[in-house]
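Chain residues, written in single-letter form:
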Amino acid sequence: RDHEILEERTADIAHQLKTPLTSMSLMAELLEPSLGEEDKEYLNRLENQVERLKGLVEGLLTLAKLDSHTLVFHRQNVEAKELIELAAEPLRAMLRQKRVELACSIGGTKEQEIWLFADVQWTAEALLNILKNCLEHSPKDSKISVSCEENPLYTELIVEDGGRGFSKKDLPHLFERFYRGEEAADGSAGIGLALAKSIIEKQNGQVRAENSAQGHARFCIRWYHP
């Protein structure tokens, strides 16, 4: 019951925050035609901060629902490749801008279909946060590799970027809420990886972070078969 009360109060606060944020977005749109080029730059910064706050509110609300066990997962069979493509779709523009290749390998050399039993929307959201973290730490003209294989116990998805990897100081804290590492991206609130971890663990899975043999950041996600 305490968890439910917490979720209800968080939802109320989130609703109260959404109203002024929506008003700010609308006012920014109305202001744009009357501004000069220099002023438009400041307006663009304001719009970015509003969007950041909207994302933070949504993330906190989702975490509260996860904590109170009021978020319902509608699990179904979904193809791993389809899930990865769905998660990566919002990042396509940023991938092109940084000239980062997203390379997927499903089933190793066999290139077979692999299916997951998961909530499509929320699992895609978790993968999006992990892919976004990798993209933010990938240099230009590099690659993010996503591979998926399965065995009788679990299905494993591995995401590896082309960056410099995690520092020893950051590794134990990456999935803590509001933790921002030494090279955290500007505007990062530090809840994306915590959200991803909670969503995956609520679906009989686990996620860990490590550095690959080549020194790149790597996320290993496992979903255990029912």
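Criteria and cut-off values
- Residues numbered from 1 in each chain as written.
- Predicted model: local features only at pLDDT ≥ 70, side-chain atom pairs only at ≥ 80, totals over all residues.
- Heavy atoms only, no water.
- Pairing = 2+ DSSP bridges.
- Helix = DSSP H or I, 4+ residues; strand = E, 2+ residues; numbered from the N terminus.
- Axes fitted to C-alpha atoms, helices over the stretch in contact; angles between N-to-C directions.
- Contact = heavy atoms within 4.5 Å.
- Parallel < 35°, antiparallel > 145°, perpendicular 65-115°, else oblique.
- Left-handed = near helix turned anticlockwise from the far one by under 90°.
- Nonpolar A, V, L, I, M, F, W, Y, C, P; charged D, E, K, R; others polar.
- Phe/Tyr/Trp six-rings, centres within 6.5 Å; stacked < 30°, edge-to-face > 60°.
- Buried < 20%, exposed > 50% of the residue type's maximum accessible area, 1.4 Å probe, protein only.

**Structural notes on the sheet that holds strand β4 (residues 143-150)**
Within a sheet, adjacent strands bond to each other through the backbone by hydrogen bonds, running parallel or antiparallel. What the five strands build is an open sheet, ordered β2-β4-β5-β7-β6; its pairing is mixed. The open sheet has two edge strands, β2 (101-106) and β6 (205-211), and neither has a second partner. Between one strand axis and the next, the sheet turns through 15° on average, direction left out of account. Pairing of β4 with strand β5 (residues 154-160) involves six bridges; the strand directions are antiparallel. Along β5, the bridge assignment pairs C148 with L157. Along the sheet, helix α3 (residues 80-88) contacts β2, β4 and β5; its crossing angle with β2, the most-contacted strand, is approximately 165°. Docked against the sheet, helix α6 (residues 192-201) engages β6 and β7 (217-224), running at close to 140° with respect to β6.

**Comments concerning the packing of α3 against helix α5 (residues 120-136)**
The interhelical angle for the contact between α3 and α5, taken along N-to-C directions, is 60°, at an axis separation of 8 Å. As summarised for this structure, α3 and α5 are arranged oblique, according to the angle between their axes. The chirality of how α3 crosses α5 is right-handed. Judged by residue contacts, L83, L86, A87 and A88 of α3 engage V120, T123, A124, L127, L128 and L131 from α5. Considered class by class, the residues forming the contact of α3 with α5 number nine nonpolar, one polar and no charged.

**Quick word on the side chain of S142**
Of note, S142 is situated in the loop between α5 and β4. Residues in contact with S142, not counting those within four places in the same chain, are R99, V100 and E101.

**Details of the packing of aromatic side chains**
Tallied over the entire structure, the rule returns three aromatic pairs. Between the aromatic rings of F166 and F219, the centroid separation amounts to 5.5 Å while the plane-to-plane angle is 80°, which identifies the pairing as edge-to-face. With F166 in the loop between β5 and α6 and F219 in strand β7, this pair connects stretches of sequence that are 53 residues apart. Like F219, F166 is buried. Between F175 and F219, the ring centres sit 6.3 Å apart and the planes meet at 75°, which makes this aromatic pair edge-to-face. A residue pair is termed long-range when its members are at least 10 positions apart, and F175 in the loop between β5 and α6 and F219 in strand β7 qualify at 44 residues. The class for F175 is buried, based on a relative accessible area of 17%. Among the aromatic residues, ring-to-ring pairing joins F166, F175 and F219 into one connected group.

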